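# A structural walkthrough
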Amino acid sequence: MSDDSFIREVNEELRQDQFKALWRRYGAIIIAAAAFAVLGTGGYVAYEQWTEARANRSGDAFARALELAEQGESEQALQVLEELQETGYGAYPVLARLRAATTLAESGNPEEAVAMFDAVANDSSVIGPLRDIARLRAALLLVDHGSYADVAARAEALTGESHDMRHTAREALALAAWKEGNRENALALFSQVADDPQAPPGARQRAEMMSELITASDAESG
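Report follows, based on the coordinates. (Residues numbered from 1 in each chain as written. Predicted model: local features only at pLDDT ≥ 70, side-chain atom pairs only at ≥ 80, totals over all residues. Heavy atoms only, no water.)

### Re the packing of helix H3 (residues 92–106) against helix H4 (residues 110–121)
The cut-off we apply is this: Axis lines are fitted to C-alpha atoms, over the contacting stretch for helices. Their N-to-C directions set the angle, which ranges from 0 to 180 degrees. Numbering of helices and strands starts at the N terminus; helices are DSSP runs of H or I of at least 4 residues and strands are runs of E of at least 2. Each angle is binned into one of four classes, with values under 35 degrees roughly parallel, values over 145 roughly antiparallel, values of 65 to 115 roughly perpendicular, and all other values oblique. Crossings are sorted by hand: turned counterclockwise from the far helix by less than a right angle, the near helix makes the crossing left-handed, and turned clockwise it makes it right-handed. Residue contacts are counted whenever heavy atoms from the two residues lie within 4.5 Å of one another. When residues are grouped by polarity, Ala, Val, Leu, Ile, Met, Phe, Trp, Tyr, Cys and Pro land in nonpolar, Asp, Glu, Lys and Arg in charged, and all others, Gly among them, in polar.
Here H3 crosses H4 at 160°, and the two axes come no closer than 7 Å. With respect to each other, H3 and H4 are oriented roughly antiparallel. Pair H3 / H4 crosses with left-handed handedness. Between H3, through Val94, Arg97, Leu98, Ala100, Ala101, Thr102, Leu104 and Ala105, and H4, the contact on the second element is made entirely by Pro110, Glu112, Ala113, Met116, Phe117, Ala119 and Val120. By residue class, the composition of the contact of H3 with H4 is 12 nonpolar, one polar and two charged.

### Comments concerning the pattern of salt bridges
We apply this condition: The term salt bridge refers to a side-chain nitrogen of Lys or Arg lying within 4 Å of a carboxyl oxygen of Asp or Glu.
Across all of its chains, the model carries nine salt bridges by this definition. Where Asp132 meets Arg135, a salt bridge forms, and the shortest distance between an N and an O atom there is 2.7 Å. Linking Asp132 with Arg135, this pair stays in helix H5 (residues 128–145), spanning three residues, or about one helical turn. Note that Glu171 and Arg206 form a salt bridge whose closest N and O atoms lie 2.6 Å from each other. Of this pair, Glu171 sits in helix H7 (residues 166–179) while Arg206 is found in helix H9 (residues 201–221), placing the two residues 35 residues apart along the sequence. One network of salt bridges, with partners in common, ties together Glu161, Arg166, Arg170 and Asp196.

### Focus: the environment of Glu82
The residue Glu82 is located in helix H2 (residues 74–87) in this model. With 17 residues separating them in the primary sequence, Glu82 and Ala65 have C-alpha atoms 9.9 Å apart.

### Considerations on the packing of helix H6 (residues 148–155) against H7
Helix-helix packing: each pair is described by the crossing angle between the helix axes and the interaxial distance. Relative to each other, H6 and H7 sit at 170°, their axes nearing to 9 Å. Of the possible angle classes, the one that applies to H6 and H7 is roughly antiparallel. On the side of H6, the interface is formed by Tyr148, Val151, Ala152 and Ala155, while H7 contributes Ala169, Ala172, Leu173, Ala176 and Ala177. Residue composition of the contact of H6 with H7, by class: nine nonpolar, no polar and no charged.

### Topic: the nonpolar core
Put simply, the rule is: Buried Ala, Val, Leu, Ile, Met, Phe, Trp, Tyr and Cys residues that are joined via side-chain atoms within 4.5 Å together make up what is termed a nonpolar core. Exposed residues in this analysis have more than 50% of their type's maximum accessible area, buried residues have under 20%, and partly exposed residues fall in between, with area computed by a 1.4 Å probe over protein chains only.
The biggest cluster of nonpolar side chains holds 41 residues, and the ones touching the most others in it are Phe117, Tyr148, Val151, Leu173 and Phe190. Among the elements of the structure, H3, H4, H5, H6, H7, helix H8 (183–194) and H9 are those that each provide at least two residues to this core. Counting six residues, the second largest nonpolar core, distinct from the first, contains Phe62, Ala65, Leu81 and Ala100.

### Description of the packing of aromatic side chains
Under the convention used in this document: Each pair of aromatic rings taken from Phe, Tyr and Trp, with Trp reduced to its six-membered ring, is defined by centres within 6.5 Å and is described as stacked if the planes are under 30 degrees apart, edge-to-face if over 60, and tilted in the remaining cases.
Taken as a whole and assessed by the stated rule, the structure comprises one aromatic pair. Geometrically, the ring pair formed by Phe62 and Tyr92 is tilted, given 5.9 Å between the ring centres and 55° between the ring planes. In this pair, Phe62 is assigned in helix H1 (residues 3–70) and Tyr92 in helix H3, connecting sequence segments 30 residues apart. Judged by relative accessible area, which is 17%, Phe62 ranks as buried. The class for Tyr92 is partly exposed, based on a relative accessible area of 25%.

### Here we look at the environment of Glu184
Along the chain, the position of Glu184 falls in helix H8. Taking the C-alpha atoms as reference points, Glu184 and Ile214, 30 residues apart in sequence, are found 9.5 Å from one another.

### Points about the side chain of Arg154
What counts is decided by this rule: Any N or O atom pair separated by 3.5 Å or less is treated as a polar contact, with the protein-specific requirement of one donor-capable and one acceptor-capable atom, and with residues adjacent in sequence counted only for side-chain atom pairs.
Its place among the elements puts Arg154 in helix H6. Residue classification places Arg154 among the buried positions, given a relative accessible area of 17%. Polar side-chain contacts of Arg154 include one of 2.6 Å to the side chain of Asp118. Once you skip the residues sitting within four places of it in the chain, Arg154 turns out to touch Val114, Asp118, Arg135, Ala138, Ala139 and Leu142.

Have a look at this one:
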């Protein structure tokens, strides 16, 4: 046997002995780490499937409630929405509360609807945009079923120059002011909507029309 062959065999034996020693020392850790990685991946996939299934069930239930409400089956829709508030996944419980309030309003129960919108608006666990939507929906209902003060208590916080809902909030306040005979306040609020270039075209048109109507009514009465 040549010197080179002998040296290679010795090196190979040394590598095997080192590997065996390392395996005896760290083999259990390596196996545990591999098992943990497999279980972790499997657990993540299972969790993803579970959450997706819950979201799908909640989405189906919400769609069913909307369908029932559109068909005039308010009581059945409210039952589905009530269950969804308890068992729904993600944002669906809050959406169910908002839709339940809308269903109550559509079925002739504005006071209950306002109370439910207020409950969402005052719930600190609900994200800000949904709380603002609840405030605005309550304010719009109170234009017909409350006083200017009632509307202002919900809508004034939404009328800031940078708020996305300012146009509708100002429109609600203007209508409530006009309803109570406060024409100057109504005209000022409608003007804010009409003069805002970022207001939706429909909102600007309504504001201009209402301003003309109020002005014409004043001229006739004068």
